[in-house]
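Below, each chain spelled out in residue letters.
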Amino acid sequence: MNSTKNYSKSFSLLTSLFFMWGFITVMNDILINTFKGVFNLSPTQRALIQFSFFGAFFIISLIYYLISSSKGKDPINKIGYKSGMAISLLICGIGCVSFYGAAHLNSYNAFLFSLFILASGVTLLQICANPYATILGKKGSESSRLNLAQGFNSLGTTLGPIVGTILIYKVFSTGELTAFSISKTYLAYGIIFIILAIIVKFSNMPSFQNNEKIGSGAGVFKHRQLTLGVLAIFFYVGSEVAIGSWIVEYLKDENIVGMSEENASYFLSFFWGGLMIGRLMASYALNSELSKQRKYLSMAIIGLVVFMGIYLVTGIKMDAGSFAFSPIEFSKIAMYIAFIALCFVAFIIGDGKPSKSLVVFSCINFVLLTIAVLAKGQLAFIVIISTGLFFSIGWTNIFSLAISNLGKYTSQGSSLLVMAVVGGAILPLIQSVIIEKVNVQTSFIIPIFGMLYLIYYGLSGYKPAKIIEE
(Lines give C-alpha, C1' and ligand atoms only; values in the text may rest on other atoms or scores of the structure.)
Protein backbone atom coordinates (compact mmCIF):
# COMPACT_ATOMS: atom_id res chain seq x y z
CA MET A 1 0.00 0.00 0.00
CA ASN A 2 1.22 3.51 -0.81
CA SER A 3 1.21 5.40 2.47
CA THR A 4 1.45 8.76 0.68
CA LYS A 5 -2.11 8.46 -0.66
CA ASN A 6 -4.86 10.49 0.99
CA TYR A 7 -7.50 8.14 2.34
CA SER A 8 -9.38 10.76 4.42
CA LYS A 9 -12.67 10.35 2.49
CA SER A 10 -12.51 6.57 2.71
CA PHE A 11 -11.68 6.74 6.42
CA SER A 12 -14.62 9.11 7.01
CA LEU A 13 -16.98 6.58 5.42
CA LEU A 14 -15.35 3.79 7.44
CA THR A 15 -16.02 5.64 10.71
CA SER A 16 -19.75 5.67 9.86
CA LEU A 17 -19.64 1.85 9.79
CA PHE A 18 -17.95 1.76 13.20
CA PHE A 19 -20.67 4.13 14.43
CA MET A 20 -23.51 1.95 13.15
CA TRP A 21 -22.31 -1.34 14.60
CA GLY A 22 -21.73 0.35 17.97
CA PHE A 23 -25.21 1.87 17.76
CA ILE A 24 -26.93 -1.41 16.93
CA THR A 25 -24.92 -3.52 19.42
CA VAL A 26 -25.80 -1.38 22.43
CA MET A 27 -29.49 -1.63 21.49
CA ASN A 28 -29.32 -5.08 23.10
CA ASP A 29 -29.14 -3.35 26.49
CA ILE A 30 -32.48 -1.68 25.73
CA LEU A 31 -34.00 -4.94 24.43
CA ILE A 32 -33.08 -6.76 27.65
CA ASN A 33 -35.42 -4.43 29.52
CA THR A 34 -38.16 -3.89 26.90
CA PHE A 35 -38.61 -7.60 26.13
CA LYS A 36 -39.11 -8.21 29.85
CA GLY A 37 -42.37 -6.29 29.71
CA VAL A 38 -43.50 -7.65 26.35
CA PHE A 39 -42.85 -11.36 27.01
CA ASN A 40 -42.62 -11.51 30.84
CA LEU A 41 -39.09 -12.94 30.91
CA SER A 42 -36.81 -14.07 33.74
CA PRO A 43 -33.23 -12.67 33.97
CA THR A 44 -31.85 -15.87 32.39
CA GLN A 45 -34.33 -15.69 29.51
CA ARG A 46 -33.44 -12.02 28.97
CA ALA A 47 -29.74 -12.95 28.91
CA LEU A 48 -30.50 -15.02 25.78
CA ILE A 49 -30.58 -11.71 23.90
CA GLN A 50 -26.85 -11.22 24.41
CA PHE A 51 -26.30 -14.97 24.02
CA SER A 52 -27.97 -15.00 20.58
CA PHE A 53 -26.20 -11.84 19.46
CA PHE A 54 -22.68 -12.61 20.63
CA GLY A 55 -23.09 -16.33 20.04
CA ALA A 56 -23.24 -15.43 16.36
CA PHE A 57 -19.78 -13.88 16.67
CA PHE A 58 -18.42 -17.25 17.79
CA ILE A 59 -20.25 -19.37 15.21
CA ILE A 60 -19.67 -17.11 12.18
CA SER A 61 -16.02 -16.42 13.08
CA LEU A 62 -15.41 -20.14 13.64
CA ILE A 63 -16.89 -20.93 10.22
CA TYR A 64 -14.74 -18.20 8.71
CA TYR A 65 -11.60 -19.59 10.36
CA LEU A 66 -12.38 -23.17 9.27
CA ILE A 67 -12.88 -22.04 5.65
CA SER A 68 -9.64 -20.05 5.58
CA SER A 69 -7.57 -22.74 7.33
CA SER A 70 -8.89 -25.61 5.20
CA LYS A 71 -8.51 -23.83 1.84
CA GLY A 72 -5.38 -21.87 2.72
CA LYS A 73 -6.94 -18.65 1.42
CA ASP A 74 -8.63 -15.87 3.35
CA PRO A 75 -12.14 -15.19 1.87
CA ILE A 76 -12.04 -11.44 2.58
CA ASN A 77 -8.54 -11.14 1.15
CA LYS A 78 -9.91 -12.77 -2.02
CA ILE A 79 -13.01 -10.58 -2.54
CA GLY A 80 -11.48 -7.43 -1.03
CA TYR A 81 -12.30 -5.52 2.13
CA LYS A 82 -14.66 -3.13 0.33
CA SER A 83 -16.93 -5.89 -1.02
CA GLY A 84 -16.71 -7.69 2.31
CA MET A 85 -17.99 -4.62 4.16
CA ALA A 86 -20.82 -4.07 1.65
CA ILE A 87 -22.01 -7.69 2.02
CA SER A 88 -21.76 -7.44 5.83
CA LEU A 89 -23.89 -4.27 5.90
CA LEU A 90 -26.52 -5.92 3.69
CA ILE A 91 -26.77 -8.88 6.10
CA CYS A 92 -27.15 -6.41 9.00
CA GLY A 93 -30.00 -4.75 7.10
CA ILE A 94 -31.75 -8.05 6.46
CA GLY A 95 -31.47 -8.96 10.15
CA CYS A 96 -33.01 -5.65 11.23
CA VAL A 97 -35.85 -5.83 8.71
CA SER A 98 -36.69 -9.37 9.84
CA PHE A 99 -37.66 -7.94 13.26
CA TYR A 100 -40.90 -6.82 11.62
CA GLY A 101 -41.77 -10.40 10.74
CA ALA A 102 -40.90 -11.52 14.27
CA ALA A 103 -43.36 -8.97 15.66
CA HIS A 104 -46.15 -10.37 13.48
CA LEU A 105 -45.36 -13.83 14.85
CA ASN A 106 -45.29 -12.34 18.37
CA SER A 107 -42.49 -14.80 19.11
CA TYR A 108 -39.51 -14.18 21.38
CA ASN A 109 -37.62 -16.99 19.63
CA ALA A 110 -38.21 -15.31 16.26
CA PHE A 111 -36.72 -12.10 17.63
CA LEU A 112 -33.68 -14.04 18.84
CA PHE A 113 -33.24 -15.53 15.36
CA SER A 114 -33.43 -12.04 13.83
CA LEU A 115 -30.77 -10.91 16.29
CA PHE A 116 -28.58 -13.81 15.19
CA ILE A 117 -28.84 -12.73 11.53
CA LEU A 118 -28.06 -9.12 12.47
CA ALA A 119 -25.09 -10.21 14.57
CA SER A 120 -23.76 -12.37 11.72
CA GLY A 121 -23.50 -9.22 9.62
CA VAL A 122 -21.86 -7.30 12.46
CA THR A 123 -19.35 -10.15 12.91
CA LEU A 124 -18.26 -10.06 9.28
CA LEU A 125 -18.17 -6.27 9.41
CA GLN A 126 -15.76 -6.40 12.35
CA ILE A 127 -13.52 -8.96 10.63
CA CYS A 128 -13.30 -6.57 7.67
CA ALA A 129 -13.29 -3.16 9.30
CA ASN A 130 -10.78 -3.55 12.15
CA PRO A 131 -7.81 -4.59 9.97
CA TYR A 132 -9.01 -2.17 7.26
CA ALA A 133 -8.72 0.75 9.69
CA THR A 134 -5.11 -0.19 10.49
CA ILE A 135 -3.98 -0.34 6.82
CA LEU A 136 -5.94 2.69 5.58
CA GLY A 137 -3.22 5.28 6.10
CA LYS A 138 0.34 5.91 7.20
CA LYS A 139 2.35 3.12 8.77
CA GLY A 140 3.16 3.83 12.41
CA SER A 141 -0.17 5.50 13.19
CA GLU A 142 -2.30 2.33 13.13
CA SER A 143 -3.19 2.40 16.85
CA SER A 144 -4.12 6.08 16.76
CA ARG A 145 -6.29 5.51 13.68
CA LEU A 146 -8.02 2.44 15.13
CA ASN A 147 -8.72 4.30 18.39
CA LEU A 148 -10.24 7.19 16.43
CA ALA A 149 -12.47 4.76 14.50
CA GLN A 150 -13.40 3.04 17.76
CA GLY A 151 -14.23 6.47 19.15
CA PHE A 152 -16.99 6.74 16.55
CA ASN A 153 -18.04 3.22 17.48
CA SER A 154 -18.45 4.52 21.02
CA LEU A 155 -20.39 7.53 19.76
CA GLY A 156 -22.85 4.95 18.42
CA THR A 157 -22.98 3.14 21.77
CA THR A 158 -23.54 6.48 23.51
CA LEU A 159 -26.39 7.65 21.30
CA GLY A 160 -27.93 4.17 20.87
CA PRO A 161 -29.63 3.98 24.30
CA ILE A 162 -31.02 7.53 23.97
CA VAL A 163 -32.37 7.14 20.43
CA GLY A 164 -33.58 3.60 21.11
CA THR A 165 -35.39 4.62 24.30
CA ILE A 166 -37.14 7.53 22.54
CA LEU A 167 -38.11 5.46 19.47
CA ILE A 168 -39.33 2.37 21.36
CA TYR A 169 -40.97 4.06 24.36
CA LYS A 170 -42.28 7.24 22.68
CA VAL A 171 -42.22 7.48 18.87
CA PHE A 172 -43.41 3.94 17.99
CA SER A 173 -45.40 3.37 21.18
CA THR A 174 -49.10 4.13 21.46
CA GLY A 175 -48.83 4.27 25.23
CA GLU A 176 -48.50 0.52 25.66
CA LEU A 177 -45.17 -1.15 24.92
CA THR A 178 -45.58 -3.89 22.28
CA ALA A 179 -43.42 -6.04 20.00
CA PHE A 180 -44.26 -3.63 17.17
CA SER A 181 -42.65 -0.73 19.07
CA ILE A 182 -39.40 -2.67 18.82
CA SER A 183 -39.86 -3.99 15.27
CA LYS A 184 -40.62 -0.58 13.75
CA THR A 185 -37.49 0.82 15.36
CA TYR A 186 -35.35 -1.96 13.87
CA LEU A 187 -37.08 -1.60 10.49
CA ALA A 188 -35.81 2.00 10.39
CA TYR A 189 -32.30 0.81 11.33
CA GLY A 190 -32.45 -1.87 8.61
CA ILE A 191 -33.15 0.72 5.91
CA ILE A 192 -30.10 2.70 7.06
CA PHE A 193 -27.87 -0.41 6.88
CA ILE A 194 -29.05 -1.25 3.36
CA ILE A 195 -28.41 2.34 2.20
CA LEU A 196 -24.91 2.18 3.71
CA ALA A 197 -24.25 -1.13 1.89
CA ILE A 198 -25.08 0.52 -1.43
CA ILE A 199 -22.93 3.57 -0.64
CA VAL A 200 -19.90 1.43 0.27
CA LYS A 201 -20.31 -0.80 -2.80
CA PHE A 202 -20.28 2.15 -5.20
CA SER A 203 -17.77 4.29 -3.29
CA ASN A 204 -14.11 4.89 -4.18
CA MET A 205 -12.84 3.07 -1.09
CA PRO A 206 -9.77 0.95 -1.95
CA SER A 207 -10.44 -2.79 -1.96
CA PHE A 208 -7.07 -4.05 -0.60
CA GLN A 209 -7.17 -7.60 -1.96
CA ASN A 210 -4.44 -10.06 -1.03
CA ASN A 211 -4.24 -13.52 -2.63
CA GLU A 212 -1.21 -14.72 -0.67
CA LYS A 213 -1.63 -18.35 0.41
CA ILE A 214 -1.65 -18.64 4.21
CA GLY A 215 -1.33 -22.40 4.41
CA SER A 216 -3.82 -24.86 5.81
CA GLY A 217 -3.91 -26.15 9.35
CA ALA A 218 -3.55 -24.41 12.70
CA GLY A 219 -0.27 -22.58 12.14
CA VAL A 220 -1.77 -19.35 13.48
CA PHE A 221 -1.99 -20.90 16.97
CA LYS A 222 1.80 -21.10 17.21
CA HIS A 223 1.72 -17.42 18.13
CA ARG A 224 1.41 -17.17 21.93
CA GLN A 225 0.36 -13.53 21.90
CA LEU A 226 -2.62 -14.44 19.71
CA THR A 227 -3.84 -17.51 21.58
CA LEU A 228 -3.72 -15.72 24.94
CA GLY A 229 -5.10 -12.61 23.21
CA VAL A 230 -8.20 -14.56 22.17
CA LEU A 231 -8.89 -15.17 25.86
CA ALA A 232 -8.18 -11.51 26.62
CA ILE A 233 -10.81 -10.41 24.08
CA PHE A 234 -13.21 -12.98 25.57
CA PHE A 235 -12.86 -11.51 29.06
CA TYR A 236 -12.70 -7.90 27.87
CA VAL A 237 -15.86 -8.01 25.75
CA GLY A 238 -17.63 -10.30 28.21
CA SER A 239 -16.95 -7.96 31.12
CA GLU A 240 -17.89 -4.83 29.19
CA VAL A 241 -21.14 -6.33 27.85
CA ALA A 242 -22.00 -7.80 31.26
CA ILE A 243 -21.88 -4.33 32.81
CA GLY A 244 -23.80 -2.75 29.93
CA SER A 245 -26.42 -5.51 30.11
CA TRP A 246 -27.14 -5.28 33.82
CA ILE A 247 -26.29 -1.68 34.72
CA VAL A 248 -29.96 -0.66 34.39
CA GLU A 249 -30.99 -3.49 36.74
CA TYR A 250 -28.19 -2.39 39.10
CA LEU A 251 -29.36 1.25 39.17
CA LYS A 252 -32.98 0.15 39.72
CA ASP A 253 -31.96 -1.71 42.89
CA GLU A 254 -33.30 0.06 45.99
CA ASN A 255 -29.96 -0.50 47.75
CA ILE A 256 -28.18 1.47 45.01
CA VAL A 257 -30.29 4.43 43.82
CA GLY A 258 -33.71 2.92 43.02
CA MET A 259 -34.16 4.59 39.62
CA SER A 260 -37.02 3.94 37.24
CA GLU A 261 -36.19 1.76 34.24
CA GLU A 262 -36.54 4.62 31.74
CA ASN A 263 -34.34 7.02 33.73
CA ALA A 264 -31.72 4.33 34.38
CA SER A 265 -31.54 3.70 30.61
CA TYR A 266 -30.28 7.25 30.09
CA PHE A 267 -27.27 6.55 32.31
CA LEU A 268 -26.22 3.79 29.93
CA SER A 269 -25.01 6.69 27.79
CA PHE A 270 -22.51 7.71 30.47
CA PHE A 271 -21.16 4.16 30.65
CA TRP A 272 -20.84 3.77 26.87
CA GLY A 273 -19.91 7.45 26.50
CA GLY A 274 -16.95 6.77 28.76
CA LEU A 275 -15.59 4.42 26.11
CA MET A 276 -15.94 7.19 23.54
CA ILE A 277 -14.13 9.71 25.76
CA GLY A 278 -11.27 7.28 26.43
CA ARG A 279 -10.90 6.23 22.81
CA LEU A 280 -10.89 9.78 21.48
CA MET A 281 -8.33 10.72 24.13
CA ALA A 282 -6.29 7.68 23.05
CA SER A 283 -6.30 8.84 19.42
CA TYR A 284 -4.26 11.84 20.63
CA ALA A 285 -2.25 10.02 23.30
CA LEU A 286 -0.98 7.45 20.77
CA ASN A 287 -0.29 9.97 17.99
CA SER A 288 3.52 10.06 17.74
CA GLU A 289 3.41 13.16 15.51
CA LEU A 290 2.11 15.41 18.33
CA SER A 291 4.19 17.08 21.05
CA LYS A 292 3.40 16.16 24.67
CA GLN A 293 2.01 19.61 25.35
CA ARG A 294 -0.39 19.42 22.40
CA LYS A 295 -1.35 15.84 23.28
CA TYR A 296 -2.26 16.68 26.86
CA LEU A 297 -4.16 19.85 25.93
CA SER A 298 -6.13 18.03 23.22
CA MET A 299 -6.91 15.14 25.58
CA ALA A 300 -8.16 17.48 28.30
CA ILE A 301 -10.34 19.45 25.89
CA ILE A 302 -11.82 16.35 24.22
CA GLY A 303 -12.63 14.81 27.62
CA LEU A 304 -14.55 17.86 28.85
CA VAL A 305 -16.25 18.64 25.52
CA VAL A 306 -17.51 15.08 25.02
CA PHE A 307 -18.68 14.91 28.65
CA MET A 308 -20.73 18.08 28.16
CA GLY A 309 -22.07 16.66 24.89
CA ILE A 310 -23.26 13.50 26.68
CA TYR A 311 -24.75 15.58 29.50
CA LEU A 312 -26.71 17.76 27.07
CA VAL A 313 -27.86 14.89 24.86
CA THR A 314 -29.14 12.86 27.84
CA GLY A 315 -31.23 15.90 28.75
CA ILE A 316 -33.32 15.47 25.60
CA LYS A 317 -36.62 13.86 26.50
CA MET A 318 -39.86 13.29 24.64
CA ASP A 319 -43.06 14.16 26.47
CA ALA A 320 -46.61 14.20 25.11
CA GLY A 321 -45.40 13.86 21.51
CA SER A 322 -42.89 16.72 21.63
CA PHE A 323 -39.22 17.02 22.57
CA ALA A 324 -38.21 18.76 25.78
CA PHE A 325 -34.90 19.54 27.46
CA SER A 326 -34.72 18.22 31.00
CA PRO A 327 -31.06 17.69 31.98
CA ILE A 328 -29.92 15.49 34.82
CA GLU A 329 -29.26 17.35 38.07
CA PHE A 330 -25.58 18.24 37.61
CA SER A 331 -24.62 17.47 41.22
CA LYS A 332 -25.51 13.81 40.60
CA ILE A 333 -23.02 13.51 37.77
CA ALA A 334 -20.32 16.04 38.72
CA MET A 335 -17.99 13.36 40.17
CA TYR A 336 -17.79 11.82 36.69
CA ILE A 337 -15.43 14.68 35.78
CA ALA A 338 -13.00 13.48 38.47
CA PHE A 339 -12.94 10.05 36.81
CA ILE A 340 -12.24 11.69 33.43
CA ALA A 341 -9.25 13.36 35.14
CA LEU A 342 -8.19 9.94 36.47
CA CYS A 343 -8.43 8.57 32.92
CA PHE A 344 -6.16 11.42 31.77
CA VAL A 345 -3.59 10.47 34.45
CA ALA A 346 -3.86 6.80 33.45
CA PHE A 347 -2.87 7.71 29.88
CA ILE A 348 0.17 9.57 31.18
CA ILE A 349 1.22 6.58 33.31
CA GLY A 350 0.61 4.23 30.36
CA ASP A 351 3.03 6.34 28.31
CA GLY A 352 1.54 5.26 24.98
CA LYS A 353 2.53 1.61 25.52
CA PRO A 354 -0.41 -0.76 24.78
CA SER A 355 0.60 -3.42 27.34
CA LYS A 356 1.34 -0.96 30.15
CA SER A 357 -1.85 1.02 29.47
CA LEU A 358 -3.91 -2.19 29.52
CA VAL A 359 -2.54 -3.02 32.99
CA VAL A 360 -3.14 0.50 34.37
CA PHE A 361 -6.69 0.79 33.03
CA SER A 362 -7.64 -2.75 34.10
CA CYS A 363 -6.27 -2.17 37.62
CA ILE A 364 -8.42 0.94 37.97
CA ASN A 365 -11.51 -0.95 36.79
CA PHE A 366 -10.73 -3.77 39.20
CA VAL A 367 -10.88 -1.25 42.05
CA LEU A 368 -14.04 0.47 40.74
CA LEU A 369 -15.89 -2.83 40.28
CA THR A 370 -14.87 -3.97 43.77
CA ILE A 371 -16.37 -0.76 45.15
CA ALA A 372 -19.51 -1.32 43.04
CA VAL A 373 -19.97 -4.76 44.64
CA LEU A 374 -19.48 -3.46 48.19
CA ALA A 375 -20.82 0.12 48.24
CA LYS A 376 -24.33 1.59 48.28
CA GLY A 377 -26.04 4.76 47.08
CA GLN A 378 -24.34 7.56 45.15
CA LEU A 379 -20.84 6.06 45.42
CA ALA A 380 -21.97 2.77 43.88
CA PHE A 381 -23.84 4.70 41.17
CA ILE A 382 -20.91 6.89 40.09
CA VAL A 383 -18.27 4.14 40.07
CA ILE A 384 -20.32 1.74 37.95
CA ILE A 385 -21.09 4.27 35.21
CA SER A 386 -17.43 5.44 35.26
CA THR A 387 -16.03 1.99 34.43
CA GLY A 388 -16.67 2.69 30.74
CA LEU A 389 -13.82 5.22 30.76
CA PHE A 390 -11.36 2.47 31.65
CA PHE A 391 -12.74 -0.13 29.24
CA SER A 392 -12.04 2.34 26.43
CA ILE A 393 -8.60 1.20 25.28
CA GLY A 394 -9.12 -2.52 25.90
CA TRP A 395 -10.21 -3.62 22.44
CA THR A 396 -7.61 -1.67 20.45
CA ASN A 397 -4.71 -2.47 22.77
CA ILE A 398 -5.47 -6.19 22.98
CA PHE A 399 -6.16 -6.37 19.24
CA SER A 400 -2.88 -4.65 18.30
CA LEU A 401 -0.84 -6.74 20.76
CA ALA A 402 -2.47 -10.01 19.66
CA ILE A 403 -1.97 -9.59 15.89
CA SER A 404 1.52 -8.12 16.22
CA ASN A 405 4.00 -9.85 13.87
CA LEU A 406 1.45 -12.38 12.56
CA GLY A 407 2.34 -11.58 8.95
CA LYS A 408 0.26 -13.64 6.52
CA TYR A 409 -1.87 -14.88 9.42
CA THR A 410 -3.11 -11.38 10.30
CA SER A 411 -6.61 -11.69 8.76
CA GLN A 412 -7.04 -15.21 10.12
CA GLY A 413 -5.92 -14.00 13.54
CA SER A 414 -8.43 -11.16 13.29
CA SER A 415 -11.26 -13.65 12.72
CA LEU A 416 -10.21 -15.60 15.83
CA LEU A 417 -10.17 -12.43 17.92
CA VAL A 418 -13.65 -11.52 16.67
CA MET A 419 -14.76 -15.08 17.50
CA ALA A 420 -13.72 -14.41 21.10
CA VAL A 421 -16.40 -11.72 21.27
CA VAL A 422 -18.57 -14.68 22.32
CA GLY A 423 -17.53 -13.60 25.81
CA GLY A 424 -20.36 -11.09 25.44
CA ALA A 425 -22.75 -14.05 25.29
CA ILE A 426 -21.25 -16.13 28.11
CA LEU A 427 -20.43 -13.71 30.94
CA PRO A 428 -23.80 -11.86 31.01
CA LEU A 429 -25.52 -15.26 31.08
CA ILE A 430 -23.41 -16.37 34.06
CA GLN A 431 -24.17 -13.03 35.71
CA SER A 432 -27.91 -13.55 35.18
CA VAL A 433 -27.75 -16.79 37.18
CA ILE A 434 -26.12 -14.95 40.10
CA ILE A 435 -28.81 -12.24 39.85
CA GLU A 436 -31.51 -14.92 40.17
CA LYS A 437 -29.79 -16.88 42.94
CA VAL A 438 -28.27 -14.01 44.97
CA ASN A 439 -28.73 -10.37 43.85
CA VAL A 440 -27.72 -7.97 41.10
CA GLN A 441 -24.96 -6.24 43.10
CA THR A 442 -23.11 -9.45 43.91
CA SER A 443 -23.30 -10.49 40.24
CA PHE A 444 -20.78 -7.79 39.31
CA ILE A 445 -18.03 -10.01 40.70
CA ILE A 446 -18.01 -11.61 37.20
CA PRO A 447 -16.35 -8.64 35.41
CA ILE A 448 -13.89 -8.40 38.33
CA PHE A 449 -12.47 -11.80 37.29
CA GLY A 450 -12.27 -10.47 33.74
CA MET A 451 -10.08 -7.55 34.91
CA LEU A 452 -7.68 -9.95 36.62
CA TYR A 453 -7.04 -11.78 33.33
CA LEU A 454 -6.52 -8.51 31.44
CA ILE A 455 -3.93 -7.47 34.03
CA TYR A 456 -2.12 -10.78 33.43
CA TYR A 457 -2.24 -10.36 29.65
CA GLY A 458 -0.83 -6.84 29.87
CA LEU A 459 1.98 -7.97 32.18
CA SER A 460 3.01 -11.21 30.46
CA GLY A 461 0.45 -12.81 28.14
CA TYR A 462 1.10 -10.47 25.19
CA LYS A 463 4.77 -11.48 24.91
CA PRO A 464 5.63 -13.87 22.05
CA ALA A 465 7.02 -17.27 23.07
CA LYS A 466 10.61 -16.41 22.06
CA ILE A 467 10.67 -13.41 24.39
CA ILE A 468 9.34 -15.53 27.26
CA GLU A 469 12.06 -18.14 26.68
CA GLU A 470 14.78 -15.50 26.79
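This text follows the structure it describes.
Below you will find a few notes about this structure. Quantities reported herein were computed from a predicted structural model and do not represent experimental measurements.

So, the nonpolar core
Ranked by internal contacts, the top residues of the largest apolar core, which has 157 residues, are Leu 14, Met 85, Tyr 186, Tyr 336, Ile 384 and Ile 385. Tallying contributions element by element places helix α1 (residues 8-39) first for this core, with 16 residues.

What to know about the side chain of Ser 114
The topology assignment puts Ser 114 in helix α5 (residues 108-135). Ser 114 gets classed as buried once you look at its relative accessible area, which sits at 2%. One polar contact links Ser 114 to Ser 98, side chain to side chain, over a distance of 2.9 Å.

Thoughts on helix α19 (residues 445-461)
The terminal C-alpha atoms of α19 lie 23 Å apart, and with 17 residues this matches the ideal 24 Å at 1.5 Å per residue to within 8%. By the burial criterion, the buried members of α19 are Ile 446, Pro 447, Ile 448, Gly 450, Met 451, Tyr 453, Leu 454, Ile 455, Tyr 457, Gly 458 and Gly 461. Elements in contact with the buried residues of α19: α8 (224-252), α14 (354-374), α15 (377-391), α16 (394-402) and α18 (423-437).

Section: the environment of Tyr 81
Mapped onto the secondary structure, Tyr 81 falls in helix α4 (residues 81-105). Judged by relative accessible area, which is 6%, Tyr 81 ranks as buried.

Section: the environment of Gly 22
Relative to the helices and strands, Gly 22 resides in helix α1. A residue is classified by how much of its surface remains accessible, and Gly 22, at 1% relative accessible area, is buried. Taking the C-alpha atoms as reference points, Gly 22 and Lys 317, separated by 295 residues in sequence, lie 22 Å from one another. Sequence-distant contacts of Gly 22, that is, excluding residues within four places in its chain, are made with Asn 153, Gly 156 and Thr 157.

Calculation criteria
As a convention, each chain's residues are numbered from 1 in the sequence order in which they are written. Only residues with pLDDT of at least 70 get local features here, since the model is predicted, and only at 80 or more are side-chain atom pairs given and counted; chain-wide, interface and lining totals rely on the full set of residues. The basis for every side-chain value is the complete set of heavy atoms in the structure, and neither hydrogens nor water enter the calculation. Joining through side-chain atoms within 4.5 Å is the link that ties buried Ala, Val, Leu, Ile, Met, Phe, Trp, Tyr and Cys residues into a set, and such a set is a nonpolar core. To sort residues, take the accessible area from a 1.4 Å probe on protein chains only and compare it with the maximum for the residue type: under 20% means buried, over 50% means exposed, and anything in between is partly exposed. Elements are defined by DSSP. Helices are runs of H or I of four residues or more, strands are runs of E of two residues or more, and each kind is numbered from the N terminus. Two N or O atoms form a polar contact when they lie within 3.5 Å of each other; inside protein one atom must be a possible hydrogen donor and the other a possible acceptor, and for residues adjacent in sequence the pair counts only when both atoms belong to side chains. In this analysis, the expected span of each helix is defined as 1.5 Å times one less than the number of residues it contains. In this analysis, two residues are considered to be in contact whenever any of their non-hydrogen atoms come within 4.5 Å of each other.

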